[in-house]
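A structural walkthrough
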Amino acid sequence: MQHEFAQVLNTWPIERRKEVIASTTKAQVARALARENLEPIDFLRLLSPCALEMLEDLAQRAHELTIRYFGRAVNIFTPLYISDICTNQCRYCGFNAKNRQKRTHLSVDQAFQEAKFLHDQGHRNILLLTGDAPKIASPKYVADVVREIKSLFASVGIEIYALSEEDYALLIQTGVDSMTMFQETYEPTLYSWLHPVGPKHDYTWRLNAPSRACAAGMRCVGVGALLGLTAFPEDAFATGLHAYWLEQTYPGVDIGLSIPRICPHEGSFNVEHAVDDRHFVQYVTALRCFLPRASITCSTRESPRMRDHLVPLGVTRVSAGVSTAVGGRATPNNNNPGQFEITDHRSLPEMCAALKTIGYQAVLKDWEDPSLSSVATACAS
Ligand code: SF4
């Protein structure tokens, strides 16, 4: 029962959402912004066209709440792709199994070399990524990599395929302390079309993965949708609702959100519902008002300008020194272009300096696994 977010989502059918959005007034938006604890209906009102006209008010409230709960500190992490073998055919992804490209699967030793390179650059917060190939990039393989690299980092997160509660528990025991799961879209019919074959085709298994990670004892759990797959604000609302429900259901877990917007990739995918910058800012500020304590992660899909702009409005985690390809730093790669194109190529020192310029402090380490005595911290700025 605890695992069933779908039941909550079903209480918000599209017709009900449309009614709320169409009937929202500026007075209701103002009331929502004045509340300390927002309900899902308030969040939906903040995503309405009426609220878009009050974007400055949303921005001010979001800034106030971000300063109250996070100060001027921004957590920095970097992704490490360790395998791009994938059995899925997600229509929007460069790692799609149908794309004819050489695949790379790092050995545990190669993964260590790549991780050591990132450690030597100053990174202390790492996110491991794989494609969805559970027989090759198995939970045991990921656990072996984590065991090998754990002493280099204060925090090791995962952004991999959906696991069972037992496998999440295995990875937690090994040293993983955070996970992110992108539902991509919360609209089941579209989801099925976008993910025609492979394990990811199972909408419900994926939808319940964050709950299973919470139940297994994960310290931080993040959710997100790939904005641009459905008309705004459908997935925006569902993502916020999912995070809200997880916060209520698992109060001991730090719940976070990621806010990716779809961007071009190898192959072709027609983005029918591109989210423009104003709606994107509306989404981030509405999320911050609805979930004032949740971390919000902005990836390098966004430009340096947009990322810097979003920090005072709610973003609390950013990546730096990013590559979305497997290998290529300390080990050979196949000149693959990576999972998606990035638009912010700043290194760790450049990111730290950029945050300093706008009055914020880069935090490379804000937590330490109690089983590790010390992991050196160094800000490269
Ligand atoms: S989005 Fe993930 S699961 Fe889908 S094809 Fe890309 S790597 Fe594989």
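If you're wondering where the values come from, they're calculated on a predicted model, not measured in any experiment.

What counts and what doesn't
- Residues numbered from 1 in each chain as written.
- Predicted model: local features only at pLDDT ≥ 70, side-chain atom pairs only at ≥ 80, totals over all residues.
- Helix = DSSP H or I, 4+ residues; strand = E, 2+ residues; numbered from the N terminus.
- Rg over C-alpha atoms; globule rule 2.2 N^0.38 Å.
- Buried ≥ 20, exposed ≤ 12 C-beta atoms within 10 Å, placed from the backbone.
- Contact = placed C-beta atoms within 7 Å.
- Near = placed C-beta within 6 Å.
- Nonpolar A, V, L, I, M, F, W, Y, C, P; charged D, E, K, R; others polar.
- Core = buried A, V, L, I, M, F, W, Y, C linked by C-beta atoms within 7 Å.
- Pairing = 2+ DSSP bridges.
- Right-handed = clockwise from strand over helix to strand, strands pointing away.
- pLDDT = per-residue confidence, 0-100.
- Axes fitted to C-alpha atoms, helices over the stretch in contact; angles between N-to-C directions.
- Parallel < 35°, antiparallel > 145°, perpendicular 65-115°, else oblique.
- Left-handed = near helix turned anticlockwise from the far one by under 90°.

Side note on the overall build of the protein
When you go through the protein residue by residue, the secondary structure sums to 16 helices and 9 strands. The C-alpha radius of gyration of the protein comes to 20 Å, within 12% of the 21 Å expected for a compact globule of 381 residues. In terms of principal-axis extent, the alpha carbons of the protein reach across some 60 × 45 × 40 Å. Taken over 381 residues, the protein has a buried fraction of 50%. Pairs at least 24 residues apart make up 77% of the contacts formed inside the protein by residues separated by at least 6 positions.

Overview of the site of the ligand
For the ligand, the full set of nearby residues is Cys-86, Asn-88, Cys-90, Cys-93, Phe-95, Asn-96, Gly-131, Asp-132 and Lys-200. Here the shell around the ligand is composed, by residue class, of 4 nonpolar, 3 polar and 2 charged.

Some details on the environment of Asp-57
One can find Asp-57 in helix 6 (residues 55-70). For Asp-57, a count of 17 C-beta atoms within 10 Å gives the class partly exposed. Put simply, Asp-57 and Tyr-186 are 129 residues apart on the chain and 28 Å apart in space, counted from C-alpha to C-alpha.

Overview of the nonpolar core
Soluble globular proteins tend to pack their nonpolar side chains together in the buried interior. In terms of nonpolar packing, the biggest core is built from 113 residues, with Leu-46, Ile-76, Leu-128 and Val-284 touching the most fellow members. Beyond its immediate chain neighbours, meaning those up to four positions away, Val-284 contacts Ile-259, Ile-296, Leu-310, Leu-313, Gly-314 and Val-315.

Some points on the environment of Ile-149
Mapped onto the elements, Ile-149 comes out in helix 8 (residues 139-149). C-alpha separation for the pair Ile-149 and Val-108, spaced 41 residues apart in sequence, amounts to 9.2 Å. Not counting residues up to four positions away in its chain, the partners in contact with Ile-149 are Ala-111, Phe-112, Ala-115 and Val-156.

Points about the environment of Gly-224
Mapped onto the secondary structure, Gly-224 falls in strand 5 (residues 220-225). Sequence separation of Gly-224 and Leu-171 is 53 residues, and the distance between their C-alpha atoms is 21 Å. Setting aside anything within four residues of it in sequence, one finds Gly-224 in contact with Thr-180, Phe-182, Thr-239, Leu-257, Ser-258, Ile-259 and Pro-260.

Concerning the pairing of strand 2 (residues 125-130)
Taken across its 6 residues, strand 2 has 6 buried, putting it largely inside the fold. Side chains Asn-125, Leu-127 and Leu-129 of strand 2 all project onto a buried face; the interleaved residues Ile-126, Leu-128 and Thr-130 project onto the opposite face, where all are buried too. As paired strands, strand 1 (residues 73-83) and strand 2 are joined by 5 bridges and run parallel to one another. Opposite Thr-78, over in strand 2, you have Ile-126 as the bridge partner. In this region the chain leaves strand 1, passes through helix 7 (residues 108-121) and returns to the parallel neighbour strand 2; the handedness of that crossover is right-handed. In the sheet, strand 2 pairs with strand 3 (residues 155-159) via 5 bridges, with the strands oriented parallel. Considered in strand 3, the bridge of Ile-126 is made with Val-156. Since strand 2 and strand 3 lie parallel, the crossover through helix 8 that links them has a hand, and here it is right-handed.

So, the confidence of the model for the protein
Close inspection of predicted coordinates is inappropriate for parts of the model with low pLDDT. The share of residues in the protein with pLDDT of 70 or more is 94%, and the mean pLDDT across the chain is 93. With pLDDT under 50 throughout, residues 375-381 is counted as low confidence; its partners more than four residues away or in other chains account for 21 contacts.

Comments concerning the pairing of strand 6 (residues 254-258)
Each regular strand shows side chains that alternate between the opposite faces of the sheet. Among the 5 residues in strand 6, 4 count as buried, and that is most of the element. As paired elements, strand 5 and strand 6 share 5 bridges and run parallel to each other. Paired with Val-223 across the strands is Leu-257, a residue of strand 6. Handedness of the β-α-β unit built from strand 5, helix 13 (residues 234-249) and strand 6 comes out right-handed. Judged from the 3 bridges that link them, strand 6 and strand 7 (residues 295-298) form a sheet pairing that is parallel. Within strand 7, the residue paired with Ser-258 across the bridge is Thr-297.

Considerations on the packing of helix 9 (residues 165-174) against helix 12 (residues 209-216)
Interhelical geometry of helix 9 versus helix 12 gives an angle of 50 degrees and a closest axis separation of 8 Å. Here helix 9 lies oblique to helix 12, going by the angle between them. Considering how the two elements wind past one another, helix 9 and helix 12 form a crossing that is right-handed. Facing Glu-165, Tyr-168, Ala-169 and Ile-172 of helix 9, the residues of helix 12 in contact are Arg-212, Ala-213, Ala-215 and Ala-216.

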